[in-house]
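Notes for the structure review
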2 protein chains.
Amino acid sequence: MDYNKTSELLKALGNPVRLQILNGLISSHGCNVNTIVEQLRIPQSTASQHLGILKSRGILTHKKEGVKTCYKVSDKRIEKLLQMFSK
Amino acid sequence: MDYNKTSELLKALGNPVRLQILNGLISSHGCNVNTIVEQLRIPQSTASQHLGILKSRGILTHKKEGVKTCYKVSDKRIEKLLQMFSK
DNA sequence: TTGATATATTGTAATATTACGATATATCAA
DNA sequence: TTGATATATCGTAATATTACAATATATCAA
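Residues numbered from 1 in each chain as written. Chains lettered and ligands numbered in written order. Predicted model: local features only at pLDDT ≥ 70, side-chain atom pairs only at ≥ 80, totals over all residues. Heavy atoms only, no water.

Lining the immediate environment of DNA strand C, one finds 23 residues, of which Q44, T69 and Y71 of chain A together with Q49 and H50 of chain B sit closest. When atoms of DNA strand C within 4 Å of the protein are split into backbone and base, the sugar-phosphate part holds 58%. Within the backbone of T69 of chain A, a nitrogen or oxygen atom sits 2.9 Å from a phosphate oxygen of DNA strand C. Here R18 of chain B contributes a side-chain N or O atom positioned 3.2 Å from a phosphate oxygen of DNA strand C. (Near = heavy atom within 4 Å. Polar contact = N/O pair within 3.5 Å; in protein donor to acceptor, adjacent residues only side chain to side chain.)

Any segment with low pLDDT has predicted coordinates that should not be analysed in fine detail. For chain A, per-residue confidence averages 94 on the pLDDT scale, and residues scoring 70 or more make up 99% of the total. Looking at the elements of chain A, mean pLDDT is at its lowest for strand β1 (residues 31-32) of chain A, recorded as 90, and at its highest for helix α4 (residues 44-56) of chain A, recorded as 98. (pLDDT = per-residue confidence, 0-100. Helix = DSSP H or I, 4+ residues; strand = E, 2+ residues; numbered from the N terminus.)

In the vicinity of DNA strand D, 23 residues are found, and the nearest of them are H50 of chain A together with Q44, S48, T69 and Y71 of chain B. The sugar-phosphate share of atoms of DNA strand D within 4 Å of the protein amounts to 59%. Note that a phosphate oxygen of DNA strand D is positioned 2.9 Å from one of the backbone N or O atoms of N34 of chain B. S48 of chain B places a polar side-chain atom, nitrogen or oxygen, 2.9 Å from a phosphate oxygen of DNA strand D. Residue composition of the surface near DNA strand D, grouped by class: 6 nonpolar, 13 polar and 4 charged. (Nonpolar A, V, L, I, M, F, W, Y, C, P; charged D, E, K, R; others polar.)

Right, let's get into the side chain of T6 of chain B. Tracing the backbone shows T6 of chain B in helix α1 (residues 3-13). For T6 of chain B, the contacting residues outside a window of four places in its chain are L19 and F85 of chain A together with M1 of chain B. (Contact = heavy atoms within 4.5 Å.)

Facing 25 residues of chain A, the contacting portion of chain B comprises 25 residues. Roughly 2300 Å² is buried in total at the junction of chain A and chain B, and carbon and sulfur atoms are behind 76% of that figure. Three residues stand out in chain A for area buried against chain B, namely Y3, L10 and F85 of chain A, and they jointly supply 29% of the buried area on that side. Applying the counting rule to chain A against chain B returns 0 salt bridges. (Buried area = accessible area lost by both parts, 1.4 Å probe. Salt bridge = Lys/Arg side-chain N within 4 Å of Asp/Glu carboxyl O.)

In this section: the pairing of strand β2 (residues 60-65) of chain A. All names here are of chain A. Where β2 and strand β3 (residues 68-73) come together, 6 bridges link them in antiparallel fashion. Bridge pairing in β3 links E65 to K68. Linking β2 back to β3 in an antiparallel pair, the connection comprises 2 residues, with G66 at a positive phi of about 70°. (Pairing = 2+ DSSP bridges.)

Between chain A and chain B, the superposition needs a rotation of 180° and an axial shift of 0.0 Å, giving an RMSD of 0.0 Å. Both chain copies can therefore be described as sitting about a two-fold axis. It is K11 of chain A whose C-alpha, among those of chain A, lies nearest the rotation axis, at 2.7 Å. Comparing contact sets, 100% of the residues at the interface of chain A also lie at the interface in chain B, consistent with an isologous, same-surface contact. (Least-squares fit on C-alpha atoms with pLDDT ≥ 70 in both.)

Set out below in structure tokens:
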């Protein structure tokens, strides 16, 4: 087990805003940054920063669709993990 | 889902030293602080601090056995989680 | 072009986490 | 008692994370 890599992944998950983002993306099967900004009522730059962190850990992928960008959860384990710890 | 509580739990897991401690405790079915200190070659105060964090999140419990203290993983989900992400 | 929209990046102050030495406390044995 | 061992707590410097405004960039439509 690569403790550094695993801890980076878990550290990325250990933030309430990012958990909300992930939950939102999972339940809506992916969406753009603006939707997240509106749903969570956080500044756009904050959302973008958090998305960047999740992306850099391989938790999210994104796809440009014209002007918009669609993010979605690429790591299948995340959904299971969130279920395990949500309650 | 309580985002703050869940993120606190995951944040506690998002540290390489704490992951090692947990892995050690799981594989050896609990042990005292000194064993951890020796195995990980970290200062005693550092180990104690990390154990305190894991304890405060309900991940570990401890039992005093004379002079020594035996820590063990009390949250059954942790083992499953570590398996999921160890590779 | 220009303007509007969507997103990323940068700068920064506030806060949190980390590691670790020093010190405190608790237990047991002699 | 005293000393040895085991662990916790404190103090603190270094580093990391956070939130957010300001600004940059990219895309599309008119």
